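Chains, contacts and geometry: an overview
Residue-level listing of the chains:
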Amino acid sequence: MKIIFHLIIFIFLTILTQVGGIIYLASITLIRRNKRILQLFVFLILYALSTFLIIPTIAPHFGREKIKESQNVELHSVFYKIANRNYVRPELNGIIENIGNSISRKHPGLKLTILDANFPFKDGFPLLPHLSHNDGKKVDISLMYKTKEGVLTNEKPSNSGYGVFENPLKNEMNQTTICKNNGAWQYDYPKYLTLGKNLDLEFSANATKDLISSILKNNEIQKIFLEPHLKHRLNINSEKMRFHGCRAVRHDDHLHLEI
């Protein structure tokens, strides 16, 4: 039973953080017997040292670096930093900075908010639950929101950044219904991953369109995923705007972009 217990924790930490499973095995190897509290303490120390000191130094040798936060770019949650899900290729890092600066010039005080990106090591290693965040070339970006008084804000309607959707209007295409009727049961499951909601916010069509325009100015951007009804509502005509397919999840709570 102990082996199964350790195996479950190893798999969970590996899926969540890529390196957590290996660090967990190291901690229980260093501190043997039934000293659970000491093992936990050693794990936390090793994990913190790895995440904030060692991995950022090693990752560039694998062609990836931490997303650079600045006055105009921020990660939505500290979770993405702690879980090592904030790594991209250097060229994408530069594009992220450009987009943040552009949207801030258009709307002073507004920031580019980053969600899930990639793990620091090894192309092909999956960053679940995403299907394609496995090569340093992809990143999820939050949509733009405003208060009920119409003031643009950097706050988001969910703590995770996912799961609070801008649903289609009555006259708009409902891709969620289409996909779920075709058996894509997972299409809207991020609604269970909000980790808490702030429903006092409203979707800002104008600021989100400005954000997408800022993204499209970067020629290196190859694809942007957005739900079809929002693409139509925002009147965006670009071959780079794609439908992600029913095998993925709905994209009316965030943008996915890739180089």
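Small disclaimer: the values here were computed from a predicted structure and weren't measured.

About the cut-offs
Residues numbered from 1 in each chain as written. Predicted model: local features only at pLDDT ≥ 70, side-chain atom pairs only at ≥ 80, totals over all residues. Heavy atoms only, no water. Helix = DSSP H or I, 4+ residues; strand = E, 2+ residues; numbered from the N terminus. Rg over C-alpha atoms; globule rule 2.2 N^0.38 Å. Buried < 20%, exposed > 50% of the residue type's maximum accessible area, 1.4 Å probe, protein only. Axes fitted to C-alpha atoms, helices over the stretch in contact; angles between N-to-C directions. Contact = heavy atoms within 4.5 Å. Nonpolar A, V, L, I, M, F, W, Y, C, P; charged D, E, K, R; others polar. Arc of directions from axis to C-beta. Polar contact = N/O pair within 3.5 Å; in protein donor to acceptor, adjacent residues only side chain to side chain. UniProt positions renumbered as here; feature names shortened; annotations may be inferred. Domains from an automatic or database assignment. Buried area = accessible area lost by both parts, 1.4 Å probe. Salt bridge = Lys/Arg side-chain N within 4 Å of Asp/Glu carboxyl O.

**Describing the overall build of the protein chain**
The helix and strand tally for the protein chain stands at eight helices and 11 strands. By the compact-globule yardstick of 18 Å for 259 residues, the protein chain fits well, its C-alpha radius of gyration being 20 Å. By principal-axis analysis of the C-alpha atoms, the protein chain measures approximately 65 × 40 × 35 Å. Buried positions account for 49% of the 259 residues belonging to the protein chain.

**A few points about the packing of helix α1 (residues 2-17) against helix α2 (residues 20-30)**
The interhelical angle for the contact between α1 and α2, taken along N-to-C directions, is 140°, at an axis separation of 6 Å. Contacts from Phe-5, His-6, Ile-9, Phe-10, Leu-13, Thr-14 and Thr-17 of α1 reach α2 at Gly-20, Gly-21, Ile-22, Tyr-24, Leu-25 and Ile-28. Its residues assigned to classes, the contact of α1 with α2 shows eight nonpolar, five polar and no charged.

**Regarding α2**
Along α2, the positions that sit buried rather than exposed are Gly-20, Gly-21, Ile-23, Tyr-24, Ser-27 and Ile-28. Looking straight down α2, one finds that the buried residues subtend no more than 160° of arc, so they occupy a single side. Of the exposed residues in α2, the ones pointing more than 90 degrees away from its buried face are Ile-22 and Leu-30. Buried positions along α2 lie against α1 and α3 (36-58).

**Quick notes on the side chain of Thr-208**
With respect to the element layout, Thr-208 can be found in helix α7 (residues 205-216). There is a polar contact of 2.8 Å between the side chain of Thr-208 and the backbone oxygen of Ser-204. Those residues in contact with Thr-208 that lie beyond four places of it in its chain are Leu-143, Met-144, Phe-203 and Leu-234.

**So, the UniProt feature "transmembrane region" (unreviewed entry) in the protein chain**
As annotated by UniProt and renumbered to match this structure, "transmembrane region" (unreviewed entry) occupies residues 7-31 and 37-59. Counted over residues 7-31, helix gives 88% and strand 0%. Its end C-alpha atoms are 17 Å apart. Counted over residues 37-59, helix gives 96% and strand 0%. Its end C-alpha atoms are 30 Å apart.

**Overview of the domain arrangement of the protein chain**
Interface size is often expressed as the accessible area that is lost when the parts come together. The domain architecture assigned to the protein chain consists of domain 1 (1-61) and domain 2 (65-258). For domain 1 versus domain 2, the distance between C-alpha centres works out to 30 Å. Taken together, the contact between domain 1 and domain 2 spans 13 residues of the former and 13 residues of the latter. Carbon and sulfur atoms supply 65% of the area that domain 1 and domain 2 bury against each other, a total of about 1200 Å² over both sides. Taken together, the connections running from domain 1 to domain 2 amount to zero salt bridges. For the side of domain 1 that touches domain 2, the secondary structure elements donating two or more residues are α1 and α3. Here the element with the most residues in the side of domain 1 that touches domain 2 is α3; it accounts for six residues.

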